[in-house]
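Okay, here's what each chain looks like letter by letter:
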Amino acid sequence: MTTAHTVEQVPVTTLANGHRLELTVHTLRGASEGPRMVMFGGVHGDEPMGAETVRRLVAAIDPAAVRGTVVLVPVANPYALAALNRNTPLDGMNLNRTFPGDRGGSVTEQLAAVLCEILTGADYFIDYHSGGNLASVDYAYIHDEGAEMSKAYGCRVLYAGTPYPGSATGWALTHGIACMVSELGGGGQRIDEYLARGLDGTLNVLRTLKMLPGEPVAPPADQVIVGTLSTLRPTVGGTMLCEYGVDRIGERVAKGTVLARIVHPATSEELEVLTAPYEPSILVLGRESMTSVAPGDYGLMVADGSTATPAA
Ligand SMILES: [Zn+2]
């Protein structure tokens, strides 16, 4: 095999304004035959952390050192990223609920279909997500297929959850592709730390799969697998005052502890209180001390600590 880094603009469709929608796909072809790893960033447009992690990985991985092939799509949903919006503004759809998509459908359906074509034949897949515009998060999904990837990635909390219907990983798992979802950073907090962890974690995954040379680093000794993870969504909008914010992610909190209060932004009336639902609750997504929320937003996320078992 000839070592190479190729960049391809893969056409998706032409928009009403005449702009051609394309996906930039990097292929790092290694020096020897081996597995095919695919990485997506920016499936959700309000998660630029994932896109940036994948963009930096393109530069961080030396094709000459790779066994097999690494295919990277830094920006899987370009118009959603441009709008910093979770969904595609053009049709309002959530790309990660749209797989396998439809080549004859709307923009998001066509994006999903093209991304499925890129995934087809892969052995491994990593999908890089994060908190949205106002929240940071810190965990990775773990599935039977690809469990070694999740452990090697290095997050302390691994969630053994079923992929959402229509998600990229849901599609990949039913097509024999081992995969993991990274949920790291977001919301503008501790950016360099989360980017470094995404990069280092991914290189450690590639070493674990023997797609890069070198001894992988052992996962953290306190890494746990949890069976239940809940999003605490305020049922009302307002000003969210967090008592357990971004700096408390990873902490174990007693059941019933007040995590955040939603107050009316003008009258100060306390509209809702979000409390820790589990004994203990492990905080995995947090916000700054004051943020604005809409009804049903990702307020906070907690794992059920009583379901936590050591990953090792
Ligand atoms: Zn996401």
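What you see is a predicted model, and the numbers here were worked out from it, not measured in a lab.

Asker: Which residues make up the pattern of salt bridges, and what values go with them?
Answerer: According to the stated counting rule, one finds 12 salt bridges in the structure shown. In this structure, Arg 156 engages Asp 222 in a salt bridge whose closest nitrogen and oxygen atoms are separated by 3.0 Å. Of this pair, Arg 156 sits in the loop between helix 4 (147-153) and strand 7 (157-159) while Asp 222 is found in the loop between helix 6 (191-208) and strand 9 (224-226), placing the two residues 66 residues apart along the sequence. Shared partners join several salt bridges into a network, and the residues in it are Glu 52, Arg 55 and Arg 56.

Asker: So what about the side chain of Asp 127? Which residues, and what values?
Answerer: Relative to the helices and strands, Asp 127 is located in strand 5 (residues 124-129). Notably, Asp 127 is buried but unbridged: the nearest opposite-charge side chain belongs to Arg 97, and the N-O separation is 8.3 Å. Residues within four places of Asp 127 in sequence aside, it is in contact with Phe 40, Val 43, Asn 96, Ala 168, Thr 169, Met 180, Val 181 and Ser 182.

Asker: Please set out the layout of surface pockets residue by residue, giving values where relevant.
Answerer: The calculated volume of the largest pocket comes to roughly 610 Å³. Lining the largest pocket are 36 residues, with Glu 47, Arg 86, Ser 130, Tyr 298 and Met 301 positioned closest to its centre. Residue assignment for the lining of the largest pocket shows that the elements contributing at least two residues are strand 6 (135-141), strand 8 (178-186), strand 10 (229-232) and strand 15 (281-287). The residue inventory of the lining of the largest pocket, partitioned by class, reads 13 nonpolar, 15 polar and 8 charged. Counting residues domain by domain, the lining of the largest pocket receives three or more from each of domain 1 (4-220) and domain 2 (228-310).

Asker: Could you give an account of helix 6, naming the residues involved and the relevant values?
Answerer: Compared with an ideal rise of 1.5 Å per residue, which puts 18 residues at 26 Å, helix 6 spans 26 Å between its outermost C-alpha atoms and is within 8% of the ideal. Every buried residue of helix 6 is accounted for by Tyr 194, Leu 195, Gly 198, Leu 199, Gly 201, Thr 202, Leu 203, Asn 204, Val 205 and Leu 206. Those residues of helix 6 hidden inside the fold are in contact with strand 3 (32-41), helix 1 (48-60), strand 5, strand 6, helix 4 and strand 8. Residue Lys 210 follows helix 6 closely and has a positive phi angle near 60 degrees.

Asker: Pulling in residues and values, what's your account of helix 1?
Answerer: Helix length check: helix 1, at 13 residues, gives a terminal C-alpha distance of 18 Å against a target of 18 Å (1.5 Å per residue), a fit within 8%. All of the buried residues in helix 1 are Met 49, Gly 50, Ala 51, Thr 53, Val 54, Leu 57 and Val 58.

Asker: An account of the coordination of the zinc ion is needed here, citing residue identities and associated values.
Answerer: Every protein donor of the zinc ion is listed here as His 44 (ND1), Glu 47 (OE), Glu 47 (OE) and His 129 (ND1), and their distances to the metal cover 2.0 to 2.3 Å. Between consecutive donor residues of the zinc ion, the sequence gaps follow H-x2-E-x81-H. Each member of the pair, His 44 together with Glu 47, is buried.

Asker: So what's going on with the pairing of strand 5? Residues and values would help.
Answerer: Of all 6 residues in strand 5, 6 are buried; the element is thus mostly enclosed. Where burial is concerned, the two faces of strand 5 agree: the one with Tyr 124, Ile 126 and Tyr 128 and the one with Phe 125, Asp 127 and His 129 are both buried. Taken together, the 5 bridges between strand 3 and strand 5 define a ladder with parallel strand orientation. Residue Val 38 lies in a different strand from strand 5, and its bridge partner there is Phe 125. Sheet analysis places strand 5 next to strand 8, joined by 6 bridges and oriented parallel. When the bridges of strand 8 are listed, Ile 126 appears paired with Met 180.

Conventions we followed
- Residues numbered from 1 in each chain as written.
- Predicted model: local features only at pLDDT ≥ 70, side-chain atom pairs only at ≥ 80, totals over all residues.
- Heavy atoms only, no water.
- Salt bridge = Lys/Arg side-chain N within 4 Å of Asp/Glu carboxyl O.
- Helix = DSSP H or I, 4+ residues; strand = E, 2+ residues; numbered from the N terminus.
- Buried < 20%, exposed > 50% of the residue type's maximum accessible area, 1.4 Å probe, protein only.
- Lys, Arg positive; Asp, Glu negative; His and termini not counted.
- Contact = heavy atoms within 4.5 Å.
- 1 Å grid on protein atoms, 1.4 Å probe; cavity = no way out; pocket = protein on both sides within 12 Å on 5 of 7 lines; lining within 4 Å.
- Points joined across faces, edges and corners; volume = space filled by probe spheres on them.
- Nonpolar A, V, L, I, M, F, W, Y, C, P; charged D, E, K, R; others polar.
- Domains from an automatic or database assignment.
- Expected span 1.5 Å × (residues − 1).
- Donors = N, O, S within 2.8 Å, 3.2 Å for Na, K, Ca; no water.
- Pairing = 2+ DSSP bridges.

None of the figures reported here should be taken as evidence of function without further support.
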